[in-house]
Amino acid sequence: MSTEPPKRYHHHGRLRVAGGVIPEAITAYRTYGNPAHPCIVFPTCYGGKLDSQTYMVGNDKVLNTQRYFVVTFALFSNGESSSPSNTPSPWNGPYFPAVSYEDNIRAQYAVLQYLGVQKVHMVVGFSMGGQQAYYWPVVYPDYVERYVAICGSARTSPHNQCFLEGPKAALAASKDFDNGHYKSQPQHGIRAFGRVYSAWAYGQTWFREHQYLQNGRFTDLAGFLREDWEQGFLGEWDANDMLSLLHTWQSGDVSQVRDKGDLGKCLSEIKAKGLIMPSKTDLYFPPEDSEDEVAYMKNTARLVVIDTIWGHMAGGGSNKRDDDFIEAEIQKFLDE
């Protein structure tokens, strides 16, 4: 039996978003701990559901629910909050409007206001969650005290955007996707999406050392691809949701919220304290991008590189060594 608190749903009513309107918008979330304690926000990443946030939340974890009021949020298009798969016509499926990170942050802020949160002590996130962590102190500069971006960036780089075009094309061009009008799950497209994505998620050394065997769980690379990457998306994800969420990722750029695309100016004006934690071997959020961004925030943010072979996945609860390192750095940040 699960010991997780129940999912909760905030009804926004008619919500304007980047691509139009969601008539009856819903944000799914969970709360942990005492609302009187300092609030920590922990939003989902690409491929993340609310259940996937538990690796850092608990009485014995860095997001200690005896000390903090932790709120986990599901991104729009993740299948729990408003998404192509659960929105009624006329905005269902491929007609679902484009949603930005800013749209997500403003919706999450509305939930926190409903919960009576006066100030956010910290926002922490991995991957797309890390990008949301960057957005929070830009959208609400006087509401957020600190943020932690793990394997994320303030702006989705051209290379990152280009990488995403690969799995996107594999899904959209499949024989069963039908331009998003499929009547049953487009297995060919989703399987192809997972295979194209898989090589980008880890560092080359990780593959060289056959880490994909996962201590005997898989007998070979083929089994890893079939069970972990194909089934990982087939089991829980809708194809239109996958593409809608990917669009949010591709369009990420905090400087579009203000400063008309001047990223340096935007970052230099962030008042909250920041902890930026890229993975040394991340292939699409590389540490060089984080170095460039932190250079604009010398007085407010600190760069800590995760020394790992696990690539991008190092930041998402994939292995104990990296988890322990990340949690220790976050704890030091909280103690400052």
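Keep in mind that what you see is a predicted model, and the values were worked out from it rather than measured.

Before we go on, may I ask you to explain the overall build of the chain in this structure?
A tally of regular secondary structure across the chain gives 10 helices and eight strands. The globule rule puts the C-alpha radius of gyration for 336 residues at 20 Å, and the 19 Å found for the chain is close to it. Its C-alpha atoms give the chain principal-axis dimensions of roughly 50 × 50 × 50 Å. Within the chain, counting contacts between residues at least 6 apart in sequence, those at least 24 apart form 73% of the total. Counting only carbon and sulfur atoms, one obtains 49% of the accessible surface of the chain, whose full area is about 14400 Å².

Help me out: how do you make sense of the packing of aromatic side chains in this one?
The geometry of an aromatic ring pair is captured by the separation of the ring centres together with the interplanar angle, meaning the angle of the planes. This structure, assessed with the given rule, holds 39 aromatic pairs. Residues Tyr212 and Phe224 carry aromatic rings whose centres are separated by 6.2 Å and whose planes lie at 40° to one another, so their mutual orientation is tilted. Of this pair, Tyr212 sits in the loop between α5 (204-208) and α6 (221-234) while Phe224 sits in helix α6, and the two are 12 residues apart along the sequence. In this pair, the class of Tyr212 matches that of Phe224, namely buried. An angle of 55° between the planes, with centres 5.7 Å apart, marks the rings of Tyr284 and Phe285 as tilted. Classification of Phe285 as buried rests on a relative accessible area of 2%.

What is the right way to read unusual backbone geometry from this model?
Following Ser89, the chain continues into Pro90 via a peptide bond in cis, with omega recorded as 15°. With respect to the element layout, Pro90 can be found in the loop between β4 (69-73) and α1 (101-115). For Asn179, which is not a glycine, the phi torsion comes out positive at approximately 55°. For Asn179, the location among the structural elements is in the loop between α3 (158-172) and α4 (187-198). We classify Asn179 as exposed; its relative accessible area is 60%. Of note, the phi angle at Gln214 is positive, near 50°, even though the residue is not glycine. Structurally, the position occupied by Gln214 is in the loop between α5 and α6.

When you look at the pairing of strand β3 (residues 39-43) in this model, what are you seeing that I'm missing?
Moving residue by residue along a regular strand, the side chains alternate between the two faces of the sheet. The element β3 is extensively covered by neighbouring structure, given that five of its five residues are classed as buried. With burial as the criterion, each face of β3 is covered, one bearing Cys39, Val41 and Pro43 and the other bearing Ile40 and Phe42. Bridge analysis of β3 against β4 gives five bridges, and the strand direction is parallel. Bridge pairing links Phe42 to Thr72 in β4. In this structure, β3 lies alongside strand β5 (residues 120-126), joined through three bridges in parallel fashion. Note that in β5 the partner of Val41 across the bridge is Val123.

Honestly, α4 in this entry has me stumped. Any pointers?
Structural remark: α-helix, 3.6 residues per turn; residues separated by three or four positions point the same way. Spanning 12 residues, α4 covers 16 Å between terminal C-alpha atoms, matching the ideal 16 Å at 1.5 Å per step. If you check which residues of α4 are buried, you get Gly189, Ile190, Phe193, Gly194, Tyr197 and Ser198. The arc that holds every buried residue of α4, seen down its axis, measures 165°, which confines them to one face. Taken together, the buried residues of α4 touch α3, α5, α6 and α7 (239-250).

Help me understand the side chain of Glu80, please; the structure alone is not making it clear to me.
Structurally, the position occupied by Glu80 is in the loop between β4 and α1. Among the polar contacts made by the side chain of Glu80, one reaches the main-chain amide nitrogen of Leu50 at a distance of 3.0 Å. In contact with Glu80, not counting residues within four places along its chain, are Lys7, Tyr9, Ala28, Lys49, Leu50, Ala74 and Asn86.

Quick question: what am I supposed to make of the pattern of salt bridges here?
Between side chains of opposite charge, pairing is possible as soon as their charged atoms come close. What the rule picks out here adds up to 20 salt bridges. Arg30 is the partner of Asp51 in a salt bridge, and the nearest nitrogen-oxygen pair spans 2.8 Å. Residue Asp51 is found in the loop between β3 and β4, and its partner Arg30 is found in strand β2 (residues 20-32); the two are separated by 21 residues along the sequence. The partner of Arg321 in a salt bridge is Asp322, with the nearest N and O atoms 3.6 Å apart. Here the salt bridges share partners, and the residues they tie into one network are Arg191, Arg195, Arg226 and Glu230.

Whenever I open this one, the packing of α3 against α4 confuses me. Can you help?
Between two packed helices, what matters for the description is the angle formed by their axes and the separation of those axes. It is at 7 Å that the axes of α3 and α4 come closest, and there the two elements cross at 160°. Considering their axes alone, α3 and α4 lie roughly antiparallel with respect to each other. Crossing of α3 against α4: the hand is right-handed. Together, Phe163, Gly166, Pro167, Lys168, Ala170 and Leu171 of α3 and Gly189, Ile190, Ala192, Phe193, Val196 and Tyr197 of α4 make up the contact between the two elements. Counted by class, the contact of α3 with α4 contains nine nonpolar, two polar and one charged residues.

Whenever I open this one, the nonpolar core confuses me. Can you help?
As a rule of thumb, nonpolar side chains are buried together in soluble globular proteins. With 92 residues, the main nonpolar core has Leu112 and Ile330 as its most contacted residues. No other element matches the seven residues that helix α2 (residues 128-139) contributes to this core. Not counting residues within four places of it along the chain, the set of residues in contact with Ile330 comprises Met56, Val62, Met122, Val124, Val148, Ile150 and Leu275.

What counts, and where the lines are drawn
Residues numbered from 1 in each chain as written. Predicted model: local features only at pLDDT ≥ 70, side-chain atom pairs only at ≥ 80, totals over all residues. Heavy atoms only, no water. Helix = DSSP H or I, 4+ residues; strand = E, 2+ residues; numbered from the N terminus. Rg over C-alpha atoms; globule rule 2.2 N^0.38 Å. Contact = heavy atoms within 4.5 Å. Areas by Shrake-Rupley, 256 points an atom, 1.4 Å probe, with all protein chains shown as cover. Phe/Tyr/Trp six-rings, centres within 6.5 Å; stacked < 30°, edge-to-face > 60°. Buried < 20%, exposed > 50% of the residue type's maximum accessible area, 1.4 Å probe, protein only. Pairing = 2+ DSSP bridges. Expected span 1.5 Å × (residues − 1). Arc of directions from axis to C-beta. Polar contact = N/O pair within 3.5 Å; in protein donor to acceptor, adjacent residues only side chain to side chain. Salt bridge = Lys/Arg side-chain N within 4 Å of Asp/Glu carboxyl O. Axes fitted to C-alpha atoms, helices over the stretch in contact; angles between N-to-C directions. Parallel < 35°, antiparallel > 145°, perpendicular 65-115°, else oblique. Left-handed = near helix turned anticlockwise from the far one by under 90°. Nonpolar A, V, L, I, M, F, W, Y, C, P; charged D, E, K, R; others polar. Core = buried A, V, L, I, M, F, W, Y, C linked by side-chain atoms within 4.5 Å.

Scope: geometric values only; no functional claims are made or implied.
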